[in-house]
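Residues per chain, in single letters:
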Amino acid sequence: MNQNEQLIHTLYTAIQNKEFEVVKSCYHENATFSDNIFPNLSGKEPAAMWHMMIGSTPTLELSYDSVKADEFGGGARWIGNYTFSETGRSVRNNIIHASFEFKDGKIIRHEDSFDLYRWSRMALGPTGWLLGWTPLFKKSLQKQAAGLLPKFIHDHPEYGS
């Protein structure tokens, strides 16, 4: 196992164990993160997003596999099982494909891709079935998420304000 494969294992193990400082240490100070819900995060935001997400999802069970990396980039597949706090509905086996780029022994770019419509059906039930596939739904979800992260960062001095 090379250094960057170990870094991916360290990241996901820290998420599993809710070790926020370890998650934070995996990301470069100029890191970027993007997925369907949190596009275009940068700097301290990727680590803060993980802290916010896993801190507010006590039922999270994460598994991962297919870790591969070389000196420049890599990837993995992970599955999160949890209860979505907004609705109390179970989200099961939401398969997420992660890609990474590395710099200075840290993650400089992290992109997760998953089926947002599949997620919305599990997390939101009938509303997700009806609206989860629409661009308007995606934009609304992103707007809601974008409002939560700055407040979280403000309330957690370890990320600065």
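Given the structure is predicted, the values throughout are model-derived calculations rather than measurements.

Undergrad: What's the story with the confidence of the model for the protein chain in this structure? I'm lost.
TA: Predicted coordinates in areas of low pLDDT are best not read in detail. Per-residue confidence for the protein chain gives a mean pLDDT of 93; residues scoring 70 or more make up 98%. Element-level pLDDT for the protein chain is lowest in strand β5 (residues 89–103), with a mean of 91, against a maximum mean of 98 in strand β6 (residues 106–113).

Undergrad: Sorry, what's going on with helix α4 (residues 116–124) here?
TA: The α-helix winds at 3.6 residues per turn, so residues separated by three or four positions along the chain end up facing the same way. Within α4, the full set of buried residues consists of Leu116, Trp119, Ser120, Met122, Ala123 and Leu124. Projection of α4 onto a plane perpendicular to its axis shows the buried side chains occupying an angular sector of 170°, all on one side. By the N-cap criterion, in which a side-chain oxygen at the helix start approaches the backbone nitrogen of a residue two or three places on, α4 is capped by aspartate 115, the distance to tyrosine 117 being 3.1 Å.

Undergrad: Would you explain unusual backbone geometry in this entry?
TA: When glycine is set aside, most residues are seen to have a negative phi, and most peptide bonds are trans. Phi at lysine 18 is positive, roughly 55°, even though this residue is not glycine. One can find lysine 18 in the loop between α1 (3–16) and α2 (20–26). A positive phi angle, near 55°, is found at aspartate 104, a position not held by glycine. Relative to the helices and strands, aspartate 104 is located in the loop between β5 and β6.

Undergrad: For this particular structure, what's the right way to read the environment of serine 113?
TA: Following the sequence through the fold, serine 113 ends up in strand β6. In this structure the C-alpha to C-alpha distance between serine 113 and phenylalanine 38, which are 75 residues apart in sequence, comes to 11 Å. Contacts of serine 113, omitting those with residues within four sequence positions, involve Ile95, Ile96 and His97.

Undergrad: Even after reading the chapter, I still don't get α1, so can you show me in this structure?
TA: Taking 1.5 Å per residue, 14 residues should reach 20 Å; α1 reaches 20 Å between its end C-alpha atoms and fits that length. Here α1 starts with a cap whose side-chain oxygen sits 2.9 Å from the backbone nitrogen of asparagine 4, and that cap is asparagine 2. Immediately beyond the C-terminal end of α1, within one or two residues, lies lysine 18, with a positive phi of roughly 55°.

Undergrad: Honestly, the packing of aromatic side chains in this entry has me stumped. Any pointers?
TA: For any two aromatic rings, the description comes down to two numbers: the centre-to-centre distance and the angle of the planes. Overall, the coordinates contain eight aromatic pairs when judged by the stated rule. Ring geometry for phenylalanine 100 versus phenylalanine 102: centroids 6.2 Å apart, planes at 15°, classification stacked. By relative accessible area, phenylalanine 100 is classed as buried at 1%. Connected via pairs of aromatic rings, a cluster forms that spans Tyr12, Phe33, Trp50, Tyr64, Trp78, Phe100 and Phe102. For arginine 121, the ring lying beneath its charged end belongs to tryptophan 129, and the centroid distance is 4.9 Å.

Parameters and conventions
Residues numbered from 1 in each chain as written. Predicted model: local features only at pLDDT ≥ 70, side-chain atom pairs only at ≥ 80, totals over all residues. Heavy atoms only, no water. pLDDT = per-residue confidence, 0-100. Helix = DSSP H or I, 4+ residues; strand = E, 2+ residues; numbered from the N terminus. Buried < 20%, exposed > 50% of the residue type's maximum accessible area, 1.4 Å probe, protein only. Arc of directions from axis to C-beta. Polar contact = N/O pair within 3.5 Å; in protein donor to acceptor, adjacent residues only side chain to side chain. Contact = heavy atoms within 4.5 Å. Expected span 1.5 Å × (residues − 1). Phe/Tyr/Trp six-rings, centres within 6.5 Å; stacked < 30°, edge-to-face > 60°. Lys NZ or Arg CZ within 6 Å of the ring centre and 35° of its normal.

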